[in-house]
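Structural description and commentary
So the chains spell out like this:
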Amino acid sequence: SQQGEEDPQALSIQEGENATMNCSYKTSINNLQWYRQNSGRGLVHLILIRSNEREKHSGRLRVTLDTSKKSSSLLITASRAADTASYFCATDEGSNYKLTFGKGTLLTVNP
Amino acid sequence: DGGITQSPKYLFRKEGQNVTLSCEQNLNHDAMYWYRQDPGQGLRLIYYSQIVNDFQKGDIAEGYSVSREKKESFPLTVTSAQKNPTAFYLCASSGTSGIPGETQYFGPGTRLLVL
């Protein structure tokens, strides 16, 4: 089952620009997470936002959560070529340890 | 150095053969997971284990088996019943806090190819 769905599927920008990715989900959640994956590598956790939070920052990352719309956005400011990766949102299913991942947004930052 | 290790990095399977992927963690995490990732796709959960000697099927468990005899180890066997095993397999762990939906920490992955 696919809980989170990212949008767009692919995004190409120039270095220095901001990148925004969106995630929609279907059921109620305890929290939502964003992960990054470089090509052929494992996932790396970026940020976790709880259902009672609306916005969270970590360095150049800003995450928002709108539980009424069941959606989240990830903003990467002043992007760098090294930000080129796939970005996934993941949601829990309430009462256990499972996370459900979306299909991801492939971000390409051109130098 | 704390983390999750997976081996091998590449694995080749012959028709009708069972193969086992290794996953070890030294993060003292209770929960461990196996995911499958196909090209351009997200992660799909194969099996997960919240505690030693216990595990549950995920969304695509058919053709796979696991064991959890030690807290640190969660090997995945891809059996001959799995007809389309070519994929990237990721192991993860979480859960020292016991709160649902905690951060998962991933290994580097094993790419399985069929000869």
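Heads up: these notes are all about the structure in this document. (Residues numbered from 1 in each chain as written. Chains lettered and ligands numbered in written order. Predicted model: local features only at pLDDT ≥ 70, side-chain atom pairs only at ≥ 80, totals over all residues. Heavy atoms only, no water.)

This part takes up the overall build of chain B. Along the backbone of chain B there are zero helices and eleven strands. Listed N to C, the secondary structure of chain B is β-β-β-β-β-β-β-β-β-β-β in terms of helices and strands. Its C-alpha radius of gyration of 13 Å places chain B within 12% of the 13 Å reference for a compact globule of 115 residues. In terms of its C-alpha atoms, chain B occupies a principal-axis envelope of roughly 40 × 25 × 25 Å. When the 115 residues of chain B are sorted by exposure, 50% land in the buried category. The long-range share in chain B, meaning contacts at least 24 apart out of those at least 6 apart in sequence, stands at 54%. Entry remark: accessible area of chain B is about 5,400 Å², with carbon and sulfur atoms responsible for 48%. (Helix = DSSP H or I, 4+ residues; strand = E, 2+ residues; numbered from the N terminus. Rg over C-alpha atoms; globule rule 2.2 N^0.38 Å. Buried < 20%, exposed > 50% of the residue type's maximum accessible area, 1.4 Å probe, protein only. Contact = heavy atoms within 4.5 Å. Areas by Shrake-Rupley, 256 points an atom, 1.4 Å probe, with all protein chains shown as cover.)

Here we take up the sheet that holds strand β8 (residues 71-76) of chain A. Residue and element names in this part refer to chain A. Ordered by their spatial adjacency, five strands build an open sheet running β1-β3-β8-β7-β6, and the pairing between neighbours is antiparallel. The strands lining the two open edges of the sheet, one partner per strand, are β1 (5-7) and β6 (55-58). Between one strand axis and the next, the sheet turns by 20 degrees as a mean value, whatever way the strands run. (Pairing = 2+ DSSP bridges. Axes fitted to C-alpha atoms, helices over the stretch in contact; angles between N-to-C directions.)

Of all residues except glycine, most have a negative phi; of all peptide bonds, most are trans. Between A:D7 and A:P8 the backbone carries a cis peptide bond, its omega angle lying at 0 degrees. Here A:P8 lies in the loop between β1 and β2 (10-14). B:S7 connects to B:P8 through a cis peptide bond whose omega is -10 degrees. Within the fold, B:P8 resides in the loop between β1 (4-7) and β2 (10-13). The backbone of A:K70 sits at a positive phi, close to 55 degrees, despite the residue not being glycine. Turning to its location among the elements, A:K70 is positioned in the loop between β7 (61-66) and β8. Despite not being glycine, B:N28 has its phi angle at roughly 60 degrees, a positive value.

This part covers the pattern of salt bridges. Side-chain pairing between opposite charges can occur once the charged atoms of the two side chains come close. Taken as a whole and judged by the stated rule, the model has eight salt bridges over all chains. Between B:D30 and B:K71 there is a salt bridge, with the nearest N and O atoms lying 3.4 Å from each other. Of this pair, B:D30 sits in the loop between β3 (19-25) and β4 (31-37) while B:K71 sits in the loop between β7 (64-66) and β8 (76-78); the two residues are 41 residues apart in sequence, bridging distant segments of the chain. According to the relative accessible area criterion, B:D30 is partly exposed, its value standing at 30%. Residues B:R36 and B:D38 are paired through a salt bridge, measuring 3.0 Å at the closest nitrogen-oxygen approach. Owing to a relative accessible area of 15%, B:D38 belongs among the buried residues under this scheme. It is possible to trace a salt-bridge network through shared partners that takes in A:R36, A:R60 and A:D83. (Salt bridge = Lys/Arg side-chain N within 4 Å of Asp/Glu carboxyl O.)

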